[in-house]
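Observations on the three-dimensional arrangement
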Amino acid sequence: MLQKYADIIIDISHEAIDRAFQYKIPEELINKVETGSYVEVPFGKGNAIRKGYVIGISDVPKWDEDKIKEIKGVPDEGIPIEGKLIRLAAWLKDTYGSTMINALKTVMPVKERVAKKKPQKDLSEFKLDIEKVVSLNSEQTKITDEFTENLIHGVNRVYLLKGVTGSGKTEVYIETIKQTVKQGGQAIMLVPEIALTYQTVSRFKMHFGDRVSVINSQMSKGERYRELMKARNGETDVVIGPRSALFTPFTRLRLIIIDEEHDSAYKSDNSPKYHARDTAIERARLEGASVILGSATPSIESYAMAKLGKYRLWELKERAGGGQLSDVKMIDMREELKLGNRSIISQELYDRMDEAFKNGEQVMLFINRRGYNSCVSCRSCGHAVKCPKCDVALSLHRNGFLMCHYCGHIERQPKKCPECGSNLIGGYGTGTEKVKEAVEKFFPNVKTLIMDRDTTLKKGAHGEIITAFSKKEADCLVGTQMIVKGHDFPNVTVVGIMLADLTLFENDYRAAERTFDLITQAAGRAGRSEKRGCTVIQTYQPEHYAIAAAAEQDYEKFFEMEMSYRQILKYPPVYHMMLVLITSKDEETVNEAAKFTAGLLREVMKDSDTGSVIGPGEAAISKINDVYRRVVYVKNLKYNILVKAKEYTEKKVQEKYPVGDVSLSFDFNPVNMY
Ligand code: ADP
Ligand code: ZN
Ligand code: ZN
């Protein structure tokens, strides 16, 4: 029989995750040793017996065969949580094509010292409304009863909880976690970072007291490690946190909840580029837990699974705490122009705002652009001022400077067009500042706050703006994506979506889905109390299916249209997609390498009639910080064909190009633009 070798890490909870030692697997243990196994090995000069974890198995000895020691035994004490997390790491490595070390670093809590505690500026000064304890309504009870029944009988499932904003999903999460804890289990709840608000946290604290811990990205590594160890030692039952909290080392994990499951923040942008949703489902499978995915606008992927009966679909159709869904008005901005209104605020929106301000109510204006201000372009020749190092337009700030959001380059705003010399050069477009200016022009006595990438750069700034607005220190909040999530502002009665089409122009296949989600979520911000709210959608494309369906608040209709489009164009979830990003500092090299890569991919895929290769082409941003970027897309019905294609291509490219000249990176079912 072929000799097998195992890579073993002795001290997994210490820093030395990348120090693995190779051991022989004796024949009698061959069936007992696998990735994740906890084994006994002789270690060090005295060959004292130590315990370690297997992180990988191969047929190839790494050094002198005779010097490799043998595994002594596999104790029958069951696999500790670290072993299970190692298995999850192996799955990450295979599924997303990363190295085992990167996968391990993602899942393992790495020991860190707790630094001296600085007083943290957080949202705690934010006054909490008295928390009412609610009793669940019949829709909610039906759901939680089914969950409890399955839990007690050890039936583990993936549930998709589809419920409009304010329909009581969070109450369902709380109840299912309570039942889980009652049965001796532990639970993880993931939320997008931005939705991790003081309100949510305090609701959980009220129910679970000290048994809940919260992880956020502002914590130091030490503080985070301490929370993870509390979970490991069974001192907590519930963890709430962003994506990475998924790897909390609970030993009795029975439930993982992913709130706002459609959010793109659940996709990691570092290797392994995992999706928390799929990874949660895998972790739940390995450990015998259930998963609840919750959203008002489920991802196309999850809803398709629910329709196939693979996920159990739960629906909450009404707002639970009273309050109706807002009244939605769609305004065709082309008509507005015909009527002579050249402003970015339509007559309808103006009237609604006016009424709200007169009644002492608040308004949110949402501009669905990714946080950027307007760019500067020439009206004579169309030239747009770009960053010299990146292929992006510079954005104009009120202080008269132009800034690159990718590399930080700053320059003064030119007075004349650098191309044609015309002085008709200036900032056009509708950034958050422009919207604020328009509001102030029409309503001179109204106080307006801006929340976007620029105003929230400073630590704690996000919370300060939220707090100020909820204390009614301002009447109007203008913002990007950031304002549509999480917070509940009972006094907001009008939501304006300034230009609903903006996200439609982003050049990736999720643009329509993102547009639909954003409009729906924004509309959900209005009228969350007794006062019925109004949402005004301003658009140049009222006939586009994503905008029309969002205006009708008709998810089902949107889903049907979107699925048929994905089917025709071979996009996920119907097909799997792999993106290959090829980068180099040299333009000629990058073009050649991209062509070479696409050629290799076509070669490996030629026997497969279930997919296609597209490209090479320029990335949406073809240069960042003087590094050129090219992309190739590969689509296939079968995921494992893509993984194999990746392995082959990576190897061939590495053989041809010296390290550093060209780099390749892969992203499976990407959610962000490249
Ligand atoms: P979602 O998470 O779906 O946005 P929440 O769980 O936050 O909804 O509920 C929205 C509001 O409705 C909250 O103020 C909550 O306290 C209230 N609520 C939820 N369920 C009930 C219920 N059964 N009875 C009364 N109020 C409820
Ligand atoms: Zn010009
Ligand atoms: Zn730049």
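As a reminder, the structure under discussion sits directly above these lines.
Cut-offs applied
- Residues numbered from 1 in each chain as written.
- Chains lettered and ligands numbered in written order.
- Predicted model: local features only at pLDDT ≥ 70, side-chain atom pairs only at ≥ 80, totals over all residues.
- Heavy atoms only, no water.
- Helix = DSSP H or I, 4+ residues; strand = E, 2+ residues; numbered from the N terminus.
- Rg over C-alpha atoms; globule rule 2.2 N^0.38 Å.
- Buried < 20%, exposed > 50% of the residue type's maximum accessible area, 1.4 Å probe, protein only.
- Contact = heavy atoms within 4.5 Å.
- Areas by Shrake-Rupley, 256 points an atom, 1.4 Å probe, with all protein chains shown as cover.
- Lys, Arg positive; Asp, Glu negative; His and termini not counted.
- Charge placed at Lys NZ, Arg CZ, Asp CG, Glu CD.
- Donors = N, O, S within 2.8 Å, 3.2 Å for Na, K, Ca; no water.
- Tetrahedral: all angles 85-135°; square planar, octahedral: opposite > 155°, others 65-115°.
- Pairing = 2+ DSSP bridges.
- Right-handed = clockwise from strand over helix to strand, strands pointing away.
- Disulfide = S-S within 2.5 Å.

The secondary structure content of the chain amounts to 17 helices and 26 strands. For 674 residues, the compact-globule estimate of 2.2 N^0.38 gives 26 Å, and the C-alpha radius of gyration of the chain, at 27 Å, lies within 12% of that figure. Once the C-alpha set of the chain is aligned to its principal axes, its extents read approximately 85 × 65 × 55 Å. A burial count over the chain gives 52% of its 674 residues as buried. For the chain, the proportion of contacts with a sequence separation of at least 24, taken over those separated by at least 6, is 73%. On the chain, roughly 30800 Å² of surface is accessible, and the fraction owed to carbon and sulfur atoms is 50%. In the chain, which carries 98 positive and 92 negative side-chain charges, the distance between the mean positions of the two groups comes to 3 Å.

Turning our eyes to something else, we now look at the coordination of the zinc ion (ligand 3). Each pair of donors in an ideal octahedron of six around a metal sits at 90 or 180 degrees, and each pair in an ideal tetrahedron of four sits at 109.5 degrees. Donor atoms from the polypeptide that coordinate the zinc ion (ligand 3) comprise Cys387 (SG), Cys390 (SG), Cys404 (SG) and Cys407 (SG), at 2.3 to 2.4 Å from the metal. For the zinc ion (ligand 3), the 4 donor atoms in the first shell make angles of 109 to 111 degrees at the metal, so the coordination geometry reads as tetrahedral. Taking the relative accessible area as the measure of exposure, cysteine 387 reaches 5% and is therefore buried.

Among the 6 residues that make up strand E10 (residues 290–295), 6 are buried, leaving the element largely enclosed by the rest of the structure. The alternating pattern of E10 places Ser290, Ile292 and Gly294 on one face and Val291, Leu293 and Ser295 on the opposite face, and all of these are buried. When strand E5 (residues 158–163) meets E10, the two strands line up parallel, connected through 5 bridges. By the bridge assignment for E10, leucine 160 is matched with leucine 293. The parallel pair strand E9 (residues 253–259) and E10 is bridged by helix H7 (residues 276–287), and the resulting crossover is right-handed.

A few words now on the state of the cysteines. In this structure the tally under the stated criterion is 0 disulfides. Cysteine 534 forms no disulfide, and the closest cysteine sulfur to it belongs to cysteine 476, at a distance of 14 Å.

For the rest of this paragraph, the subject is the pairing of strand E1 (residues 4–9). In terms of residue burial, E1 counts as a mostly covered element, since 5 of its 6 residues are buried. Both E1 and strand E2 (residues 21–25) contribute to a ladder of 5 bridges, which runs antiparallel. Paired with alanine 6 across the bridge in E2 is tyrosine 23. Alignment of E1 against strand E4 (residues 48–58), held across 5 bridges, turns out to be antiparallel. Note on E4: the bridge partner recorded for isoleucine 8 is valine 54.

One can find isoleucine 68 in the loop between E4 and helix H1 (81–96). The class for isoleucine 68 is buried, based on a relative accessible area of 5%. When the C-alpha atoms of isoleucine 68 and arginine 412 are compared, they prove to be 64 Å apart, with 344 residues separating the residues in sequence. What isoleucine 68 contacts, discounting residues up to four positions off in sequence, is Tyr5, Gln22, Tyr23, Lys24, Pro61, Lys62 and Trp63.

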